[in-house]
Amino acid sequence: MDLRESPEHQAFRAEVRAFLREVWPPRGDEAHLPEPRQHALFRERAVARGYLYRDVPRAYGGSEQPADAIRDAILLEEFAASGVPGSLPSVGPAMLAPTLLEWGTEAQRRRFIPPTLAHEIAWCQGYSEPNAGSDLASLTSRAELDGDEWVIHGHKVWTSLAAQADWMFGLFRTEPGAAKHAGISYLLVPMKQPGVRVAPLRQMNGGAEFYEVFFDGARTAADNVVGARGDGWKVSRSTLVHERKLIGDPNYIRRLFHGLVELARRSEWQGRPALADPGIRRRLSRIEGFLLAQETTNLRQLSASASGRLLKVMVPMLVTKLHSTNLTHEITRLALELMGTDALLMPSDEEAQGYTIPRLTSGAFLSQFMFTIATSIAGGASNIQRNIIGERVLGLPRDLRASGS
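Here's what I pulled together on the structure shown here. Nothing here was measured: the structure is a model prediction, and the numbers come from that model. (Residues numbered from 1 in each chain as written. Predicted model: local features only at pLDDT ≥ 70, side-chain atom pairs only at ≥ 80, totals over all residues. Heavy atoms only, no water.)

**So, empty space enclosed by the protein**
Point 1. All chains considered together, the criterion is met by 2 cavities of 30 Å³ or more.
Point 2. Surrounding the largest cavity, Val-23, Trp-24, Pro-26, Glu-30, Gln-38, Leu-41, Phe-42 and Arg-45 form its lining.
Point 3. Looking at the lining of the largest cavity element by element, the count peaks at 4 residues for helix α2 (residues 35–48).
Point 4. Residue composition of the lining of the largest cavity, by class: 5 nonpolar, 1 polar and 2 charged. (1 Å grid on protein atoms, 1.4 Å probe; cavity = no way out; pocket = protein on both sides within 12 Å on 5 of 7 lines; lining within 4 Å. Points joined across faces, edges and corners; volume = space filled by probe spheres on them. Helix = DSSP H or I, 4+ residues; strand = E, 2+ residues; numbered from the N terminus. Nonpolar A, V, L, I, M, F, W, Y, C, P; charged D, E, K, R; others polar.)

Okay, structure coming up:
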């Protein structure tokens, strides 16, 4: 496999770097604008150049560029390296918008996608419930059609940023007599209304980005169902694919690893610089080997995507999500060991912001370590990922005990 970029892609990378130097960080009068306005200006310019929301039609606020997985990867790398807001990854642009492109009606796409990409609408995801996590089909939150509205009752939990959200995309049981995986609908529900109560869940890192949401007679329009009524399980699979892509961001993991190496440079280990210790160096080399293996898997994924082999894209995507969870846990666990007693200090509110990693301080590493526990569940629990890979990729039996093995 020749991993070198073509001259065309090298020129594209240089073009992107020149654009980023020109527009970020803001200069002149723009440097004094509020941060949300700075981000909005950047997004407008990036869309105009075809660098952002490339797979979204212009009619919905995207830049509608030809499919090119390698260019997409270059943009992600350069945006991350420059520290620009980029698409400001969040559940709305990263997960809901592509789901609406696949399953939504034309009216839903035009109503929701443009303001979502512009960050004028904030979204949260309503999947998990107190008794429905990995076994999501066990959910009991229900929606009943009353004239031209759905009336909703139930309880969602581990809902990221629910207090800040304007809308929720969630799963609700609409056909109570249907089989377990059937009878579930994918609804869009306004959060700022009577009948919706949001309560914070304080995390062990001190942050509170997760919430539980109680529905007691909340309402949403009858046409706010995505896909066919009762087909929510199928629609949710599309959203889950995009969630796994978000969790397995290689730029995020590479940044964590670079931060770990820098921490080893300035830390002491058994009376000498940690980076000079053979045991620490072996562990760093092992982690980097796994990181390179994951980046190779990502390249295979890009190659399959570029050649239209969509089924083959799904296989490395499953492996990448599982691998990303394990890798970030290994990186942050070694960081905590290097930090010593500093690892006992509670992160600040800024450091406890989860995936965003404001700065790689000691508190941020501790927060990231605890965040890796959450990512082992988000987007499909790790044990579920292993089962899927074993059964659907390796062809292993669904239940080894039943097969007599």
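There is more to say, and it comes next.
**Quick notes on the pairing of strand β1 (residues 123–126)**
Point 1. Where burial is concerned, the two faces of β1 agree: the one with Trp-123 and Gln-125 and the one with Cys-124 and Gly-126 are both buried.
Point 2. Across 4 bridges, the pairing between β1 and strand β4 (residues 167–173) is parallel. Paired with Cys-124 across the bridge in β4 is Met-168. (Buried < 20%, exposed > 50% of the residue type's maximum accessible area, 1.4 Å probe, protein only. Pairing = 2+ DSSP bridges.)

**Some thoughts on the layout of surface pockets**
Point 1. One number sums up the size of the second largest pocket: a volume of about 170 Å³.
Point 2. The element contributing the most residues to the lining of the second largest pocket is α2, with 5 residues.
Point 3. Looking at the lining of the second largest pocket, its residues break down into 6 nonpolar, 1 polar and 4 charged.

**A word on the packing of helix α1 (residues 7–23) against helix α3 (residues 69–82)**
Point 1. Where α1 contacts α3, the two axes come as close as 10 Å, and the packing angle between them is 35 degrees. Of the two elements, α1 crosses α3, and the hand of that crossing is right-handed. Touching Glu-8, His-9, Phe-12, Arg-13, Val-16, Arg-17 and Leu-20 of α1 are Ile-70, Arg-71, Ile-74, Leu-75, Glu-77, Glu-78, Phe-79 and Ser-82, all from α3.
Point 2. Of the residues that constitute the contact of α1 with α3, the class distribution is 7 nonpolar, 2 polar and 6 charged. (Axes fitted to C-alpha atoms, helices over the stretch in contact; angles between N-to-C directions. Left-handed = near helix turned anticlockwise from the far one by under 90°. Contact = heavy atoms within 4.5 Å.)

**What about the nonpolar core?**
Point 1. Phe-42, Tyr-51, Phe-79, Trp-123, Phe-169, Tyr-186 and Leu-188 are the most contacted members of the largest nonpolar core, which has 42 residues in total.
Point 2. Those elements giving two or more residues to this core turn out to be α1, α2, α3, α4 (91–103), α5 (106–117), β4, β5 (184–190) and α6 (232–247).
Point 3. If sequence neighbours within four positions are ignored, Phe-169 has contacts with Val-91, Met-95, Leu-96, Trp-123, Cys-124, Gln-125, Gly-126, Tyr-127, Tyr-186, Leu-187, Leu-188 and Thr-239.
Point 4. Judged by nonpolar contacts, the second largest core, of 26 residues, contains Ala-274, Ile-280, Leu-327 and Ala-335. (Core = buried A, V, L, I, M, F, W, Y, C linked by side-chain atoms within 4.5 Å.)

**Some remarks on α3**
Point 1. Along its 14 residues, α3 runs 20 Å from first to last C-alpha, staying within 8% of the 20 Å computed at 1.5 Å per residue.
Point 2. Among the residues of α3, the N-terminal cap falls to Asp-68, whose side-chain oxygen and the backbone nitrogen of Ile-70 are separated by 3.2 Å.
Point 3. Just beyond α3, the residue with positive phi is Gly-83, at close to 75 degrees. (Expected span 1.5 Å × (residues − 1). Polar contact = N/O pair within 3.5 Å; in protein donor to acceptor, adjacent residues only side chain to side chain.)

**Regarding the environment of Val-196**
Point 1. Here Val-196 lies in strand β6 (residues 196–201).
Point 2. Val-196 gets classed as buried once you look at its relative accessible area, which sits at 16%.
Point 3. Between the C-alpha atoms of Val-196 and Ile-152, which are 44 residues apart in sequence, the distance is 9.3 Å.
Point 4. Residue contacts for Val-196: discarding those within four places in its chain leaves Pro-190, Met-191, Val-213, Phe-214, Phe-215 and Ala-218.

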